[in-house]
There are 2 protein chains.
Amino acid sequence: MQTLETKDAPSPFRTRAEKMQDRADKREAVLRAAVRMFNAHGFHATSLDDVAASLGISKPTIYHYLGNKEQVLIECVTRGLEPLRSAAEQARAQAGSGLERLRRFLIDYARTNMDDFGRCMVRTGDELLSPASAASIRARKREIDATLRALIAEGIADGSIAPVDVKMSAFALAGALNWPARWHDPAGPDSPETIATGLVDMLIGGLAPR
Amino acid sequence: MQTLETKDAPSPFRTRAEKMQDRADKREAVLRAAVRMFNAHGFHATSLDDVAASLGISKPTIYHYLGNKEQVLIECVTRGLEPLRSAAEQARAQAGSGLERLRRFLIDYARTNMDDFGRCMVRTGDELLSPASAASIRARKREIDATLRALIAEGIADGSIAPVDVKMSAFALAGALNWPARWHDPAGPDSPETIATGLVDMLIGGLAPR
DNA sequence: CGACAAATCTACTGGTGAGTATATTGCTTA
DNA sequence: TAAGCAATATACTCACCAGTAGATTTGTCG
């Protein structure tokens, strides 16, 4: 019987779903190659010819999958933002004290800022994007920030967090946890996990002795 | 008597010292114009023609004062780094507990990161510079970081700072205090002074209640 | 005065890289 | 089997911009 393809004898005739998957895979491969090069050399110093060459394809192929260079960047940033959005959603739904939920969120936040897309997201300033795209991305970042501030406020309300200045604390936390996007070396000895918990513990405990 | 120029009758014949000053002033003006445009639109999106136009001069005049575009950026970054170097020097010389000296240093650090040159310094990643210049600047930044770590270690030794992980804490502090270079709006309601103390107080106290 | 140096301009060169026109191949579907 | 579409390539165009050549002006110094 041979009505469905099997693993052993994959048919060269792809179904529609397979072809859509194929296309999505290729798009993804372009983005992964691009984000690595953006992180390594910067957006402007990376030409789409370079990205194409690194994949053994030609530039028009990239244009076939992604409309233009800015679109490539936007997709990378979007992929970097998505885990944050999802972590924020979870944090809002979770039970527990404000501090407990915040801690969980901060660790997720720090960790995803160290993967390829997260790093690109953090490092992509407004000036690299068209005004419209910059605004759209800023809006999404603002939502993450709103969650961060809400968690801090809830912690203060339930007594699990000291009565700090919410806005300043949110900026301090974000800054401390974004910064690894610029210095963390994936090849180095410290895993993202270790760094994330190290940073968060310091931020929660502070420098002054207790 | 008219042997020396007076404020009322400034001679049009400049002395050698005056001309050197004049030259330095013009160099400075170029750098100030450039750093503002770099901060607003990014290094690559700012052409030297734009900078020249904003001063009502022509591009070759910029080349007359500064060798090339990278040199302009390097000078901007250097000017952003200098106050940090000087604050670090002071902090090392000062008396007081580790925490007191660290606090003073952190506030200076945060404040200077919000002026034009400081912002440019923070935002200029290695990828914008030639390998040689990037290395030189990285070395200078490493010295600041060494001071930061030394102050933390001293504070731990004298008991004014909790026994935190020195490296992680230094990164967390630097990140939190560098971040305003990306979000602070000089036209906004919060002065650099306010932000600096707000951030530092939160970092010293931590989030957890005492 | 005459030569030199500083300061500045206009007008160019040369390289780079985003984005496109167009051709080709092969699969899908009416 | 013809039409149409997806995927891909080669070989362009076009704009921009760093950097330079060379002319000009003006003040300085021997």
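Report on the accompanying structure. (Residues numbered from 1 in each chain as written. Chains lettered and ligands numbered in written order. Predicted model: local features only at pLDDT ≥ 70, side-chain atom pairs only at ≥ 80, totals over all residues. Heavy atoms only, no water.)

A word on the protein's contact with DNA strand C. As a matter of local geometry, DNA strand C sits amid 20 residues, with Lys59 of chain A together with Arg23, Ser58, Thr61 and Tyr65 of chain B nearest to it. The sugar-phosphate share of atoms of DNA strand C within 4 Å of the protein amounts to 61%. With respect to DNA strand C, the side chain of Tyr63 of chain A contributes an N or O atom lying 2.9 Å from a phosphate oxygen. His64 of chain B is positioned with one of its side-chain polar atoms (N or O) 3.0 Å from a phosphate oxygen of DNA strand C. Taken together, the elements giving at least two residues each to the surface near DNA strand C come down to helix 1 (16–41) and helix 3 (59–65) of chain A together with helix 1 (16–41) and helix 3 (59–65) of chain B. Looking at the surface near DNA strand C element by element, the count peaks at four residues for helix 3 of chain B. (Near = heavy atom within 4 Å. Polar contact = N/O pair within 3.5 Å; in protein donor to acceptor, adjacent residues only side chain to side chain. Helix = DSSP H or I, 4+ residues; strand = E, 2+ residues; numbered from the N terminus.)

Residue and element names in this part refer to chain B. One can describe the packing of helix 5 (residues 98–112) onto helix 7 (residues 131–158) by two numbers: an axis separation of 8 Å at closest approach and a directional angle of 150°. Relative to helix 7, the element helix 5 lies roughly antiparallel. Here helix 5 runs over helix 7; the crossing is left-handed. On the side of helix 5, the interface is formed by Gly98, Leu99, Arg101, Leu102, Phe105, Leu106 and Tyr109, while helix 7 contributes Ile144, Leu148, Leu151, Ile152, Glu154, Gly155 and Asp158. Taken together, the residues of the contact of helix 5 with helix 7 sort by class into nine nonpolar, two polar and three charged. (Axes fitted to C-alpha atoms, helices over the stretch in contact; angles between N-to-C directions. Parallel < 35°, antiparallel > 145°, perpendicular 65-115°, else oblique. Left-handed = near helix turned anticlockwise from the far one by under 90°. Contact = heavy atoms within 4.5 Å. Nonpolar A, V, L, I, M, F, W, Y, C, P; charged D, E, K, R; others polar.)

Residue and element names in this part refer to chain A. This model, assessed by the stated rule, comprises six aromatic pairs over all chains. On the numbers, 5.1 Å between centres and 65° between planes, the contact of Phe38 with Phe43 is edge-to-face. For the pair formed by Phe38 and Phe43, the shared burial category is buried. Seen in terms of ring centroids, Phe105 and Tyr109 are 5.9 Å apart; in terms of plane orientation they differ by 85°. Their pairing is edge-to-face. With Phe105 and Tyr109 both in helix 5 (residues 98–112), this residue pair falls four residues apart, about one helical turn. Residue placement shows Lys69 over the ring face of Phe43; its charged tip is 4.3 Å from the ring centre. (Phe/Tyr/Trp six-rings, centres within 6.5 Å; stacked < 30°, edge-to-face > 60°. Buried < 20%, exposed > 50% of the residue type's maximum accessible area, 1.4 Å probe, protein only. Lys NZ or Arg CZ within 6 Å of the ring centre and 35° of its normal.)

Scope: geometric values only; no functional claims are made or implied.
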